[in-house]
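The chain contents come next:
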Amino acid sequence: MKLIRNLLLALTLTPTGATSMADSSLAQTQATSPTTGVMVILTVKAGVTREQVMAVMPDEIRQTVQLYLNGKVREWYSRSDGRGAVFLLDVKDVADGHDIMEGLPLAKQDLVDHEYIAVGPLMPLRLLMTKP
């Protein structure tokens, strides 16, 4: 029963979210939603060997753990394809995330690329808060 209720909620939100994205006034609200973190997708550059990466990993890990202990790294994961990692940083904008990630050893040695994505609250959920 709970599974069915969750599925119905997901199906209800999907078209509602798509409709709200098509409405330009709601899409503008989406664009200005608050940033509560930055997702960083780290990818090892083409041509970089495993040995090059592993030589830097002890320092990379120590500095990443320190960032976690300082409250800057909220979550981090290995990529299933083995080509890098994904971080969720507790920062307010992409520039802060960039500063953090570019200070780490893998980036300093130009072994990785980063993709930065500002994230925030799932704004279509606001529709649940309005009265019909």
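Before going into details, it helps to say that this report is about the structure given with it. (Residues numbered from 1 in each chain as written. Predicted model: local features only at pLDDT ≥ 70, side-chain atom pairs only at ≥ 80, totals over all residues. Heavy atoms only, no water.)

1. Looking at the overall build of the protein chain
Stage number 1. Check the secondary structure of the protein chain and you find six helices and four strands.
Stage number 2. Each helix (α) and strand (β) of the protein chain, taken in turn from the N terminus, gives the series α-α-β-α-β-β-α-α-β-α.
Stage number 3. The buried share of the protein chain, taken over its 132 residues, is 27%.
Stage number 4. Considering only intrachain contacts with a sequence separation of at least 6, the fraction spanning at least 24 residues in the protein chain is 68%.
Stage number 5. Counting every atom, the protein chain has about 9100 Å² of accessible surface; 60% of that belongs to carbon and sulfur. (Helix = DSSP H or I, 4+ residues; strand = E, 2+ residues; numbered from the N terminus. Buried < 20%, exposed > 50% of the residue type's maximum accessible area, 1.4 Å probe, protein only. Contact = heavy atoms within 4.5 Å. Areas by Shrake-Rupley, 256 points an atom, 1.4 Å probe, with all protein chains shown as cover.)

2. Details of the environment of Val112
Stage number 1. Tracing the backbone shows Val112 in strand E4 (residues 112-119).
Stage number 2. Sequence separation between Val112 and Arg83 is 29 residues, and the spatial gap between their C-alpha atoms is 9.6 Å.
Stage number 3. With near-sequence residues (within four places) excluded, Val112 lies in contact with Leu42, Thr43, Val44, Lys45, Leu106 and Ala107.

3. What to know about the nonpolar core
Stage number 1. Core analysis: the biggest nonpolar cluster contains 20 residues, and Val40, Phe87, Leu89, Met101, Leu106 and Val112 have the highest contact counts within it.
Stage number 2. Of all the secondary-structure elements, those providing two or more residues to this core are strand E1 (37-44), helix H3 (50-69), strand E3 (84-89), helix H4 (94-102), helix H5 (105-108) and E4.
Stage number 3. No other element matches the four residues that H3 contributes to this core.
Stage number 4. Ignoring anything within four residues of it in the chain, the contact list for Val40 reads Ala85, Val86, Phe87, Leu89, Met101, His114, Glu115 and Tyr116. (Core = buried A, V, L, I, M, F, W, Y, C linked by side-chain atoms within 4.5 Å.)

4. Details of the sheet that holds E4
Stage number 1. Strand order in the open sheet made by the four strands is E2-E3-E1-E4, with antiparallel pairing throughout. What marks the edges here is a single partner per strand, and that holds for strand E2 (73-78) and E4. Strand-to-strand, the axes of this sheet are offset by a mean angle of 15°, without reference to chain direction.
Stage number 2. With five bridges connecting them, E2 and E3 associate as antiparallel partners. (Pairing = 2+ DSSP bridges. Axes fitted to C-alpha atoms, helices over the stretch in contact; angles between N-to-C directions.)

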